[in-house]
Amino acid sequence: MTKKPIILKTTEHNEPDTDNIDVDINEIVKQLKFDNEHPEKYLVRLNNSRLEASYYIGCKWLIENECAIVVDPKIENIDYLTMFLHCFNSPIISNRLSEIYKIDFNAPAIKLPAKTFELTPFIIIHFLNLLKKIVKKGLKKDYIWIEENLSSKVKGKVLLTNNIKHNFTKARAERNYCKYQEYSYNCIENKILKKALDFVSSYLKHNFSDNKELLNLLYFNKKVFDYIEDYEVTTNSFKLIKTNSLYKEYNEALKVAKMIFKRFDYSINRTIIEKEAEFPPFHIDMALLFEIYAFSLLHKTYGKDIIYQYPAKYGAIDFLNKKNKTIIDAKYKEKYSKEEYEISDIRQLSGYSRDINVIKEVGIDINNEVPIIDCVIVYPDQENGYETIEKENFISQNNEIKQFYKFYKYGIKLPEKK
């Protein structure tokens, strides 16, 4: 009988709970090669000989098929699906959304209760929004080969073997079995995307039938892809795809479509939820998700005045408000909801405010006296945070970090599951 793998559980920034589990953490640590600069590899890093979770949630194997770790969000009941969906409203950063999560379909799956994570909806939200961009831009067309038994005409070249089989042996002298090319929407890429959309439609029907936002997104895409021919996708189908730099959205959508097929093992019957689920090892970068979510709120309020990832002389600033001459940084740290701060964050923003590139970008003449630039730290605050960016409250006395001049903080209330 195969031994059941050990599952360690924890939340972001905490140690795994081993109270009721027969496991020697020290022995596990000896077998692993930790890279604290890339904690997403195991979801945990080594901190003074102790395992500690970072900013990533998900599940990963520590020792394949023997011991896995599950990391839940540190903010209880956080709705990271809604956060992810909200990010698509800001087209400027939609190309970074694929960086938020990574899935390893080549590693053995980890068996967990089906509701442990909402991984499949995460992929589906990404896919539907990528399709929406494609539909708005217009489906691509390409030359495809068609074989057809034509009456009283020849098109392309006559296939002699098929012509003998279907026509000469049946005394159909007026017909010609031909093979020719046609410029059509029924290219392989569109057929694969349509099939993935069928999988998504089945999954939403069984699991999210009351989610109007997702269903509206589904129907928006389906009304266009319904005109594409049906096609049975296999693992070999993706070898037929031709990448094209003119259709960048297609490259990303096909990559996510492949995830959908792998998630359901290429069987549409598996789109019906099961009591027990197998999760491929994956992670979601919650710090990056928060950063992009914060940008979507800032962009909604300030529009093009907000520059995302402005390249300063040493490092990139999360957000620069050029018009208001404000440096804004997203910190996925709840400690700012109290009268606390991290001096390293203060030093980081102080350095940005003295960066020559930044000073020039906001229109300050460095030959004259340079004023102190406002610095704002945006952080999660579920109790007293704002659901939107309010201009009148963004920089105010109430939000001052009192130990430092012209330093402010602004709490954002993140969506919660109903």
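Up top you'll find the structure we're talking about.
Okay, so let's go over this structure. (Residues numbered from 1 in each chain as written. Predicted model: local features only at pLDDT ≥ 70, side-chain atom pairs only at ≥ 80, totals over all residues. Heavy atoms only, no water.)

Looking at the packing of aromatic side chains
Any two aromatic rings considered together are summarised by their centre-to-centre distance and by the angle between their planes.
No. 1: Tallied over the full model, the rule gives 25 aromatic pairs.
No. 2: Aromatic pair Tyr386 and Tyr410: ring centres 4.6 Å apart, planes at 10°, arrangement stacked. Note that Tyr386 is positioned in the loop between β16 (374-380) and α11 (391-394) and Tyr410 in strand β17 (residues 407-412), a separation of 24 residues in sequence.
No. 3: On the accessibility criterion, Tyr386 (24% relative accessible area) is partly exposed.
No. 4: Using a relative accessible area of 0% as the deciding quantity, one classes Tyr410 as buried.
No. 5: Three or more aromatic residues link up through ring pairs in this structure, and these residues are Phe199, Tyr203, Phe208, Phe238, Phe261, Phe264 and Tyr266.
No. 6: Taking the ring centre of Tyr185 as reference, the NZ or CZ of Lys141 above it sits at 5.0 Å. (Phe/Tyr/Trp six-rings, centres within 6.5 Å; stacked < 30°, edge-to-face > 60°. Helix = DSSP H or I, 4+ residues; strand = E, 2+ residues; numbered from the N terminus. Buried < 20%, exposed > 50% of the residue type's maximum accessible area, 1.4 Å probe, protein only. Lys NZ or Arg CZ within 6 Å of the ring centre and 35° of its normal.)

Describing the packing of helix α3 (residues 119-137) against helix α5 (residues 188-207)
No. 1: Packing of α3 against α5 brings their axes to within 11 Å, and their N-to-C directions diverge by 135°. If you check the angle between α3 and α5, you find them oblique. Crossing hand, α3 versus α5: left-handed. Between α3 and α5, the residues in contact are Thr120, Pro121, Ile124, Phe127, Leu128, Leu131 and Ile134 and Leu193, Ala196, Leu197, Val200, Tyr203 and Leu204, respectively. (Axes fitted to C-alpha atoms, helices over the stretch in contact; angles between N-to-C directions. Parallel < 35°, antiparallel > 145°, perpendicular 65-115°, else oblique. Left-handed = near helix turned anticlockwise from the far one by under 90°. Contact = heavy atoms within 4.5 Å.)

Some thoughts on the pairing of strand β1 (residues 6-11)
No. 1: By the alternation rule, side chains of β1 split into Ile6, Leu8 and Thr10, which are all buried, and Ile7, Lys9 and Thr11, of which none is buried.
No. 2: Here β1 pairs with strand β5 (residues 67-72) via six bridges, running parallel. Each residue of the ladder has a partner; that of Ile7, found in β5, is Ala68. (Pairing = 2+ DSSP bridges.)

Focus on helix α9 (residues 343-353)
No. 1: Taken together, the buried positions of α9 are occupied by Asp345, Ile346, Leu349, Tyr352 and Ser353. Buried residues of α9 fall within an arc of 125° about the axis and therefore sit on the same side.
No. 2: Elements that come into contact with the buried residues of α9 comprise β14 (316-321), β15 (326-330), α10 (356-361), β16 and β17. (Arc of directions from axis to C-beta.)

Some thoughts on the nonpolar core
No. 1: Within the largest apolar cluster, 91 residues are counted, with the highest numbers of intra-cluster contacts made by Phe127, Leu193 and Leu204.
No. 2: Non-local contacts of Leu193, meaning those with residues more than four positions away in its chain, are made with Phe127, Leu131, Ile134, Phe225, Tyr250, Ala253, Leu254 and Ala257.
No. 3: Grouped together as the second largest cluster of nonpolar side chains are 19 residues, Leu320, Leu349, Tyr352 and Ile359 included. (Core = buried A, V, L, I, M, F, W, Y, C linked by side-chain atoms within 4.5 Å.)

Examining helix α7 (residues 248-263)
No. 1: Across its 16 residues, α7 extends 23 Å between first and last C-alpha, which sits within 8% of the 22 Å expected from 1.5 Å per residue.
No. 2: Of all the positions in α7, only Glu249, Tyr250, Glu252, Ala253, Leu254, Val256, Ala257, Met259, Ile260, Phe261 and Arg263 are classed as buried.
No. 3: Directly beyond the C-terminal end of α7, a positive phi value near 55° is found at Asp265. (Expected span 1.5 Å × (residues − 1).)

As for the environment of Thr18
No. 1: Residue position: Thr18 is located in the loop between β1 and α1 (25-31).
No. 2: For Thr18, a relative accessible area of 27% corresponds to the partly exposed category.
No. 3: Considering only alpha carbons, one finds Thr18 and Ile7, eleven residues apart in sequence, at a separation of 9.5 Å.
No. 4: Aside from chain neighbours lying at most four places away, what touches Thr18 is Leu8, Val23 and Ile25.

Considering the side chain of Glu12
No. 1: Among the structural elements, Glu12 can be located in the loop between β1 and α1.
No. 2: Look at Glu12: it is buried, it has no salt bridge, and the nearest opposite charge is Lys74 at 5.2 Å.
No. 3: A polar side-chain atom of Glu12 sits 3.3 Å from a polar atom in the side chain of Tyr332.
No. 4: Excluding its chain neighbours within four sequence positions, the residues that come into contact with Glu12 are Ala53, Ser54, Tyr55, Tyr56, Ile57, Val71, Asp72, Pro73, Lys74, Met286 and Tyr332. (Lys, Arg positive; Asp, Glu negative; His and termini not counted. Salt bridge = Lys/Arg side-chain N within 4 Å of Asp/Glu carboxyl O. Polar contact = N/O pair within 3.5 Å; in protein donor to acceptor, adjacent residues only side chain to side chain.)

Some words on the sheet that holds β5
No. 1: As summarised here, the arrangement of the five strands in space is β1-β5-β4-β12-β6, forming an open sheet in which the pairing is mixed. In this open sheet, the two strands that pair with only one neighbour each are β1 and β6 (101-103). Along the sheet, successive strands turn relative to each other by an average axial angle of 15°, direction set aside.
No. 2: By the bridge criterion, four bridges tie strand β4 (residues 56-63) to strand β12 (residues 282-285) in an arrangement that is antiparallel. Among the inter-strand pairings, Gly58 is bridged to a residue of β12, identified as His283.
No. 3: Packing against the sheet, α3 makes contact with β6 and β12, and its axis sits at approximately 115° to β6.

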